[in-house]
Amino acid sequence: TVSESIEVSATAIGVETRSSTFGTLVTREQIDNQPLNGRDFSQLILLQPGAVQARSDNGDVLTGKGAKISVHGARTNQNAYLLDGTDIMDALGRTASSAQGLVSGIESVQEFTVLTNTFSAEHGRASGGVFNIATRSGTNQYHGSLFEYHRNDALDTRNFFDAEKPP
């Protein structure tokens with residue numbers, strides 16, 4: 001006799017049924033597993049649907065050096081950056097970032113939410129995207145991490161068409 005058995009299992013997909021907010025939660029595992037240049041988690045915002053980096057909006061002394069992100073065509077200064085629910089925009093309403101252009105190292109971030117469409121009135125200033133960063137909680141034990149960015153001439157190589165290595 002021949003018998004056949006089919007087992008169907010499904011996992012529930014988290015769908016927001018109480019509002020029309022559209023967004024994505026980026027978890028700690030996703031942050032750890034992505035190769036990030038400069039260890040800037042805000043690069044993961046660009047992986048979300050509708051978010052692009054505005055190449056024409058270059059950073060300067062007044063507007064900051066961080067990546068300028070446009071969500072669904074909105075201006076780059078129409079986004080909201082929140083750190084544990086508190087607004088962290090700079091004085092001109094631009095991307096919150098350091099002098100180097102990084103928002104924060106990935107070690108301090110537990111998860112972050114990228115809201116791109118029809119979010120609630122609590123984010124009243126933003127008409128582009130809302131990026132809410134949740135920080136990691138600490139412990140009573142000493143711990144840490146180390147990050148080294150090593151770049152020197154010994155690791156450079158020349159282009160096929162160059163006679164010598166570029167500076």
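Since the model is a prediction, treat every value here as computed from it, not as a measurement.

> Help me out: how do you make sense of the overall build of the chain in this one?
Broken down by element type, the chain carries one helix and seven strands. Going residue by residue from the N terminus, the α and β elements of the chain occur as β-α-β-β-β-β-β-β. Sorting the 167 residues of the chain into buried and exposed places 28% on the buried side. Across the chain, the fraction of contacts at a sequence separation of at least 24, relative to all contacts at a separation of at least 6, is 62%. Accessible area of the chain: about 12,100 Å², with a carbon and sulfur share of 50%.

> Mind showing me how you'd approach the pattern of salt bridges here?
Pairing between side chains of opposite charge can happen when their charged atoms approach one another. Counting across every chain of the model gives one salt bridge. With a shortest N-O distance of 3.1 Å, Asp32 and Arg28 are connected by a salt bridge. Of this pair, Asp32 and Arg28 both sit in helix α1 (residues 28-33), four residues apart, which is roughly one turn of that helix. Look at Asp32 and you get partly exposed, because its relative accessible area is 44%.

> I keep staring at the sheet that holds strand β6 (residues 109-117) and nothing clicks. Help me out?
What links the strands of a sheet is backbone hydrogen bonding, and the strands pair in either a parallel or an antiparallel sense. Taken together, five strands build an open sheet; the order of strands is β1-β6-β7-β4-β5 and the sheet is mixed. The open sheet has two free edges, formed respectively by β1 (22-26) and β5 (86-87), since each of these has just one partner strand. Two strands pair when backbone bridges link them, and β1 and β6 are joined in this way by five bridges, in the antiparallel orientation. Note that in β6 the partner of Leu25 across the bridge is Thr113.

What counts as what
- Residues numbered from 1 in each chain as written.
- Predicted model: local features only at pLDDT ≥ 70, side-chain atom pairs only at ≥ 80, totals over all residues.
- Heavy atoms only, no water.
- Helix = DSSP H or I, 4+ residues; strand = E, 2+ residues; numbered from the N terminus.
- Buried < 20%, exposed > 50% of the residue type's maximum accessible area, 1.4 Å probe, protein only.
- Contact = heavy atoms within 4.5 Å.
- Areas by Shrake-Rupley, 256 points an atom, 1.4 Å probe, with all protein chains shown as cover.
- Salt bridge = Lys/Arg side-chain N within 4 Å of Asp/Glu carboxyl O.
- Pairing = 2+ DSSP bridges.

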